[in-house]
Amino acid sequence: MPGLATALPAVSLALAVFAYAPVAAAACLGVNSKTGERQSVQEIYRTGVSHPRHFFAEAAHDRGGRPLIIYYSRYASAPAYFKSFVRQHECCHHAGQSNEIAANCCALRRMGLSKSGLASLRSYIVSRDVNSETATDYQGQGTLFWGKTESRCFLSAER
């Protein structure tokens, strides 16, 4: 059965994508800033444009008040697990989390990552000096950002 042998890699890939899909495709809802109506967040990809403050993405509203997530150039080259984190983080902003660390905690709860998934996310944030609390990147801020996230999200849950 030569057809089966060639189909197996495709089936494996489809299963891997399916296992990842629930997080990536989870509903992202926000509030229309003009009408107060809850609605789906529109996602816009401006991955050819750099954000002036080096953001990967941002939660915003269009002129009609519809909630948006706008993705920028840094997002395009990030690994899939970090893209998922960024999306969930911005969804959490639209769900009412105005503080960056609170949005991180919300995103991590939504993602339900394994220990190895958390380790990968931590490694990426620290190695890339990722931080959305400052206007520009500087050495060591990824460690600070993850440390604040860790102490707020994980240590408080252990008490």
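Each remark here, short or long, concerns the structure printed above.
I will try to describe carefully the structure that is included in this document. Everything numeric in this text was worked out from a predicted model, so none of it was measured.

### Observations regarding the overall build of the protein chain
- Looking only at helices and strands, the protein chain has 6 helices and 5 strands in total.
- Reading the protein chain from its N terminus to its C terminus gives the helix and strand order α-β-β-β-β-β-α-α-α-α-α.
- Within the protein chain, contacts between residues at least 6 apart in sequence are counted, and of these 57% link residues at least 24 apart.
- For the protein chain, the exposed surface amounts to about 9100 Å²; the carbon and sulfur share of it is 57%.

### Some details on a positive patch on the surface
- A cluster of basic residues, Arg38, Arg109, Arg110 and Arg152, forms a positive patch at the surface.
- Its location among the elements puts Arg110 in helix H4 (residues 100-111).
- Accessibility expressed as a relative area gives 37% for Arg110, which makes it partly exposed.

### Focus: the side chain of His89
- With respect to the helices and strands, His89 occurs in helix H3 (residues 80-94).
- At a separation of 2.9 Å, a polar atom in the side chain of His89 contacts the side chain of Glu100.
- Setting aside chain neighbours within four positions, we find His89 in contact with Glu100, Ala103, Asn104, Ala107 and Ser132.

### Considering the pairing of strand S5 (residues 67-71)
- Buried residues dominate S5, accounting for 5 of its 5 residues.
- By the alternation rule, side chains of S5 split into Pro67, Ile69 and Tyr71 and Leu68 and Ile70, which are all buried.
- Here strand S3 (residues 42-45) runs beside S5; their pairing, made up of 4 bridges, is parallel. Paired with Gln42 across the strands is Leu68, a residue of S5.

### Some points on the nonpolar core
- Judged by nonpolar contacts, the single largest core of 27 residues is most densely connected at Phe56, Ile69, Phe82, Phe85, Val86, Leu121 and Ile125.
- Among the secondary structure elements, those contributing two or more residues to this core are S5, H3, H4, helix H5 (115-127) and helix H6 (141-158).
- For this core, the element with the most residues is H4, which contributes 7 residues.

### Some thoughts on the packing of aromatic side chains
- Under the criterion given, the structure shown has 8 aromatic pairs.
- Both rings, one in Phe56 and one in Phe82, keep their centres 4.9 Å apart while their planes meet at 70°; by these two values the pair is edge-to-face. Remark: Phe82 occurs in helix H3 and Phe56 occurs in the loop between S3 and strand S4 (57-61); sequence separation between them is 26 residues. Of the two residues, Phe56 and Phe82, neither departs from the other in class, the shared state being buried.
- Taken together, the ring pairs in this structure connect Phe56, Tyr81, Phe82, Phe85 and Tyr124 into an aromatic cluster.
- Above the ring of Tyr75, the side-chain terminus of Lys83 is found at 5.3 Å from the ring centroid.

### Points about H5
- Over its 13 residues, H5 runs 18 Å from end to end, which matches the ideal 18 Å to within 8%, given 1.5 Å per residue.
- Those residues of H5 that fall on the buried side of the exposure criterion are Gly117, Leu121, Tyr124 and Ile125. Buried residues in H5, looked at end-on, bunch into an arc of 95°, giving them a common side. Projecting away from the buried face of H5 at angles above 90 degrees are the exposed residues Lys115, Ser116 and Ser127.

### A look at the pairing of S4
- Direction of pairing for S4 relative to S5: antiparallel, over a ladder of 5 bridges. Within S5, the position partnered with Ala59 by the bridge is Ile69.
- From the end of S4 to the start of S5, which pair antiparallel, there are 5 residues, and Gly65 there has a positive phi angle of about 95°.

Thresholds applied
Residues numbered from 1 in each chain as written. Predicted model: local features only at pLDDT ≥ 70, side-chain atom pairs only at ≥ 80, totals over all residues. Heavy atoms only, no water. Helix = DSSP H or I, 4+ residues; strand = E, 2+ residues; numbered from the N terminus. Contact = heavy atoms within 4.5 Å. Areas by Shrake-Rupley, 256 points an atom, 1.4 Å probe, with all protein chains shown as cover. Patch = residues over 30% accessible without salt bridge, like charges linked within 9 Å, V, L, I, M, F, W, Y side chains within 5 Å. Salt bridge = Lys/Arg side-chain N within 4 Å of Asp/Glu carboxyl O. Lys, Arg positive; Asp, Glu negative; His and termini not counted. Charge placed at Lys NZ, Arg CZ, Asp CG, Glu CD. Buried < 20%, exposed > 50% of the residue type's maximum accessible area, 1.4 Å probe, protein only. Polar contact = N/O pair within 3.5 Å; in protein donor to acceptor, adjacent residues only side chain to side chain. Pairing = 2+ DSSP bridges. Core = buried A, V, L, I, M, F, W, Y, C linked by side-chain atoms within 4.5 Å. Phe/Tyr/Trp six-rings, centres within 6.5 Å; stacked < 30°, edge-to-face > 60°. Lys NZ or Arg CZ within 6 Å of the ring centre and 35° of its normal. Expected span 1.5 Å × (residues − 1). Arc of directions from axis to C-beta.

By themselves, these observations are geometric and do not establish any function.
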